[in-house]
Amino acid sequence: MDIESWGHENPIKKESWRTVLTLAYHSLGVVYGDLSTSPLYVYKSTFAEDIHHSESNDEIFGVLSFVFWTLTLIPLLKYVFIVLRADDNGEGGTFALYSLLCRHARVSTLPNGQLADEDLYEYKNDRNLSADRIGMSLKSTLEKHRFLKKILLILALIGTCMVIGDGVLTPAISVFSAVSGLELSMAKHHHQYVEVPVACVILVFLFFLQHYGTHRIGFLFAPIVITWLLCISAIGVYNIFHWNPHVYQALSPYYMYKFLKKTQRGGWMSLGGILLCITGSEAMFADLGHFSQLSIQIAFTFVVYPSLILAYMGQAAYLSKHHVIQGDYHIGFYVSVPEKLRYPVLAIAILAAVVGSQAIITGTFSIIKQCSALGCFPRVKIVHTSSKIHGQIYIPEINWTLMLLCLAVTIGFRDTKHISNASGLAVITVMLVTTCFMSLVIVLCWHKNVLLAICFIFFFGSIEALYFSASLIKFREGAWVPIVLSLIFLFVMYSWHYGTLKKYEFDVENKIPINWLLTLSPNLGITRVRGIGLIHTELVSGIPAIFSHFVTNLPAFHQVLVFLCVKSVPVPHVRPEERFLVGRIGPKEYRVYRCIARYGYRDIHMDDVEFEKDLVCSIAEFIRSEGPAQSFEAVEGIDDNEKLTVIGTTSTHVDGVTMCEDVDTKDTEMIEISSPEMPRKRVRFLVPESPQMDLSVRAELQELMEAREAGMAFILGHCYVRAKRGSSLIKKLVVDIGYDFLRRNCRGPTYALSFPRASTLEVGMIYHV
């Protein structure tokens, strides 16, 4: 099933209930694996050190009350009923909220933005509502102050870094907690020599499977999670009726008051363990693009939420009648499982932990892809493991990095207490970032009263700040791990973004005016060679400095010259009919074009053959449609001398230009060319019958075909970025060390790698920023 086929163009409201329920079923395996396995370690982490289980049961009932209300207020009320509505055209997650804000207020730090981008379909959808006076004032303030823009970017990066940290910690704590069931069948202290190796073997196996793609075993995910939820809920119901039918009274908020009054500082510190009951809640929003709001709401409200409540109530009912537990096992999940069922439950728990870990690993891949697309992460190799489900991706470098960090955490801590402290801080930080962004979305995007946004951030922010403080105080007991990981990734991401921004600013300051190109002629020694020259540039207007550097040292360029810019825009998807912006640089006889290919942060870049074909066809369609009978929308370029035209991909050229190679086609007007004696390819443009076609247009199309037959060359800038003399120490550290190291070790542009090395020419320059 192509889960991503239900997007903004096919709203789920128009789908049948069968489709909705099918999506809800699949979401159980993809979204809720992490959240469903939290009963394995919540009570054990809460009672690990700060509080103890007494005869009065005030502690266990207080923890149950906290768990119930935390699950009700955060995942159910905040995420299911509020945050899920803040989707970015069907996409969710931290960067989706940031992207949404970038479209409603010009707070994006992407340097190559154009007014033409605001005519995209997603932008137009956001213009239906008008903001009130306070909303307009807030928008104006954010747009004017560069410092506030940086704060928003850093908040988005912090949330992203914590998600990556969660990708390290969640597999460790989930698998380790599931394996901890072995301790009940082994002698005291012997289990620690078995649990760690077994957990490490499972983790290595888990990360090793990533390159095969989850679509191969994904059909098992939902049944495993459903089996696990039925298992824990059935055990919970059994424990409630068998041990303490009155445990439901502990759901009253009064027991939270009694708990804090009795335990005081120890109870406050134990909130870091209680917090783990909502780990994985962010996945409901982050994975929204694969499903729909209604399917995720149904799955959580009617299946996951009641199952978790019954599981926690069952554990509390059992523990309320067992104050002295034999063995040094503290208070874990498996002690409440009937002895005859422990081994089957252990097997199901390990499978459920693997599924939950798989979800956060895949989510980490997705958010890194988004960051890379928006210029906030070095380019990495992205492998699409499924031809049908585009969200299934694999990033080798990130996968093995996560595996090594996960093994280091597991072997280094050797218990769930320290790992849970680390995981809790990562989870609650992401939630705080989401709360901050949501308060801005309420005002800037939903155009609601600012008092509603204040109430939202005050109510949910207060709850999350309480949990955040309880997690942060455990800094020396494991909470330092996500902070250190986040600082490392934040330095990487900010260095890359800062270096990219400064490099673009240097390009803008040193770009060549079009008049310089107009002065070039054969009289000055410039010759035109056969073929198409693609010059990669980040600029959306003007001529890059590397071109003048190239022409100065090698005074020749191709008969057809294309300045190609492949850029990302802050929307999830760009429609195929809006993919290209094509324009002309200089007079017609120069045969110099600008082509800007636009992609959303969730789009898949075309392969080399398809991209090359679409690029040539988009230029041909621009040539044909240019003039008085122009049939495409023209938009103003940034440069006064340039006008760009919106051109779609080949698949959207209805009654337009298409290209075929070595194929005979009849019943269509075809422009023939006289090929050279040894042509590389036979290229033909098929155009609709148009007897009024101007002779100059026909000649220009013919020259484009001849150039395509002769071949294409790719000219790529190889820039060394250095900080200027007199720059601060921090700037030298970020540019000369951080960005330079990342640039030398990251991958080149995807479309550049697809060109044969024999056809690629790199032009080196040193940029002093």
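Our structure is the block above this text.
Residues numbered from 1 in each chain as written. Predicted model: local features only at pLDDT ≥ 70, side-chain atom pairs only at ≥ 80, totals over all residues. Heavy atoms only, no water.

Draft legend 1. Focus on the overall build of the protein chain. When you go through the protein chain residue by residue, the secondary structure sums to 26 helices and 13 strands. When the 769 residues of the protein chain are sorted by exposure, 58% land in the buried category. Pairs at least 24 apart in sequence give 81% of the contacts found in the protein chain among residues at least 6 apart. Of the roughly 32,000 Å² that the protein chain leaves accessible, carbon and sulfur atoms contribute 61%. (Helix = DSSP H or I, 4+ residues; strand = E, 2+ residues; numbered from the N terminus. Buried < 20%, exposed > 50% of the residue type's maximum accessible area, 1.4 Å probe, protein only. Contact = heavy atoms within 4.5 Å. Areas by Shrake-Rupley, 256 points an atom, 1.4 Å probe, with all protein chains shown as cover.)

Draft legend 2. Layout of empty space enclosed by the protein. Taken as a whole and assessed by the stated rule, the structure comprises seven cavities of 30 Å³ or more. Of the voids in this model, the largest cavity is the one considered here, and its volume is about 370 Å³. Partitioned by chemical class, the residues of the lining of the largest cavity number twelve nonpolar, nine polar and five charged. (1 Å grid on protein atoms, 1.4 Å probe; cavity = no way out; pocket = protein on both sides within 12 Å on 5 of 7 lines; lining within 4 Å. Points joined across faces, edges and corners; volume = space filled by probe spheres on them. Nonpolar A, V, L, I, M, F, W, Y, C, P; charged D, E, K, R; others polar.)

Draft legend 3. How the structure looks around helix α16 (residues 342–373). Between its terminal C-alpha atoms α16 stretches 46 Å, which fits the 46 Å expected from 32 residues at 1.5 Å a residue. At the C-terminal side of α16, Gly375 shows a positive phi close to 75 degrees. (Expected span 1.5 Å × (residues − 1).)

Draft legend 4. View of the packing of helix α8 (residues 146–179) against α16. In the contact formed by α8 and α16, the axes pass within 9 Å of each other and the chain directions differ by 170 degrees. Regarding the angle of α8 to α16, the classification is roughly antiparallel. Listed contacts from α16 to Thr160, Val163, Ile164, Asp166, Gly167, Thr170, Pro171, Ser174, Val175, Ala178 and Val179 of α8 are Leu346, Ala349, Ile350, Ala353, Ser357, Ile360, Ile361, Thr364, Ile367, Ile368 and Cys371. Here the residues of the contact of α8 with α16 sort into 15 nonpolar, six polar and one charged. (Axes fitted to C-alpha atoms, helices over the stretch in contact; angles between N-to-C directions. Parallel < 35°, antiparallel > 145°, perpendicular 65-115°, else oblique.)

Draft legend 5. Spatial organisation of the pairing of strand β4 (residues 556–568). Among the 13 residues that make up β4, 13 are buried, leaving the element largely enclosed by the rest of the structure. Sheet topology note: the strand β3 (residues 527–536)/β4 ladder contains eight bridges and is parallel. Across the sheet, the residue bridging to Leu534 is Val562, located in β4. Relative to strand β6 (residues 592–599), β4 runs parallel, the two being bridged by eight bridges. By the bridge assignment for β6, Leu564 is matched with Cys595. (Pairing = 2+ DSSP bridges.)

Draft legend 6. Seen up close, the nonpolar core. In terms of nonpolar packing, the biggest core is built from 164 residues, with Tyr32, Tyr43, Leu64, Leu71, Phe300 and Tyr312 touching the most fellow members. Setting aside anything within four residues of it in sequence, one finds Leu71 in contact with Leu76, Cys277, Ile278, Tyr305, Leu308, Ile309 and Tyr312. Ile543, Phe547, Val734 and Met765 belong to the second largest nonpolar core, which has 31 residues in total. (Core = buried A, V, L, I, M, F, W, Y, C linked by side-chain atoms within 4.5 Å.)

Draft legend 7. View of the packing of helix α20 (residues 480–509) against helix α25 (residues 729–745). Two elements in contact, α20 and α25, have axes whose closest approach is 9 Å; the angle formed by their N-to-C orientations is 95 degrees. Relative to α25, α20 is oriented roughly perpendicular. Here Phe491, Val492, Ser495, Trp496, Tyr498, Gly499, Thr500 and Lys503 of α20 come into contact with α25, specifically with Lys731, Leu733, Val734, Val735, Gly738, Tyr739, Leu742 and Arg743. Residue composition of the contact of α20 with α25, by class: nine nonpolar, four polar and three charged.

Draft legend 8. Structural context of the pattern of salt bridges. A complete count under the given rule lists 14 salt bridges for this structure. The partner of Arg708 in a salt bridge is Glu612, and the shortest N-O contact between them spans 2.4 Å. In this pair, Arg708 is assigned in helix α24 (residues 695–710) and Glu612 in helix α23 (residues 608–625), connecting sequence segments 96 residues apart. No difference in accessibility class separates Arg708 from Glu612, as the two residues are buried. With a closest N to O distance of 3.1 Å, Arg722 and Asp740 form a salt bridge. Residue Arg722 is located in strand β12 (residues 712–722), and its partner Asp740 is located in helix α25; the two are separated by 18 residues in the primary sequence. Judged by relative accessible area, which is 7%, Asp740 ranks as buried. Salt bridges sharing common partners tie together Asp58, Glu59, Lys258 and Lys262. (Salt bridge = Lys/Arg side-chain N within 4 Å of Asp/Glu carboxyl O.)

Draft legend 9. Region of interest: the pairing of β6. Of all eight residues that make up β6, eight are buried, and the element is covered over most of its length. Across the two faces of β6 the burial is the same, with Val592, Arg594, Ile596 and Arg598 and Tyr593, Cys595, Ala597 and Tyr599 all buried. Here five bridges tie strand β5 (residues 580–584) to β6, and the two strands are oriented antiparallel to one another. Residue pairing for β6: Phe580 is matched across the bridge by Ala597.

Draft legend 10. Focus on the packing of aromatic side chains. Under the criterion given, the structure shown has 19 aromatic pairs. Considering the side-chain rings of Trp228 and Phe333, the 5.7 Å spacing of their centres and the 50 degrees angle between planes classify their relative orientation as tilted. Here Trp228 is found in helix α10 (residues 221–243), whereas its partner Phe333 is found in the loop between α15 (293–319) and α16, with 105 residues between them in sequence. By the burial criterion, Trp228 is buried, and Phe333 matches it. Feature note: the residues Phe61, Tyr254, Tyr255 and Tyr257 constitute an aromatic cluster, connected by ring pairs. Looking at Arg85, its charged tip hangs above the ring of Trp446, at a distance of 4.7 Å from the centre. (Phe/Tyr/Trp six-rings, centres within 6.5 Å; stacked < 30°, edge-to-face > 60°. Lys NZ or Arg CZ within 6 Å of the ring centre and 35° of its normal.)

Draft legend 11. A look at a nonpolar patch on the surface. Residues Phe475, Trp480, Val484 and Ile488 make up a contiguous nonpolar surface patch of roughly 350 Å² in combined accessible area. With respect to the secondary-structure elements, Trp480 resides in helix α20. (Patch = residues over 30% accessible without salt bridge, like charges linked within 9 Å, V, L, I, M, F, W, Y side chains within 5 Å.)

Draft legend 12. Looking closely at unusual backbone geometry. For Gln264, which is not glycine, the phi dihedral falls at a positive 55 degrees. Inspection of the secondary structure assignment puts Gln264 in the loop between α11 (254–263) and α12 (265–269). Its identity as a non-glycine residue notwithstanding, Arg591 has a phi of 55 degrees, on the positive side.

Worth remembering: the numbers are spatial, not functional.
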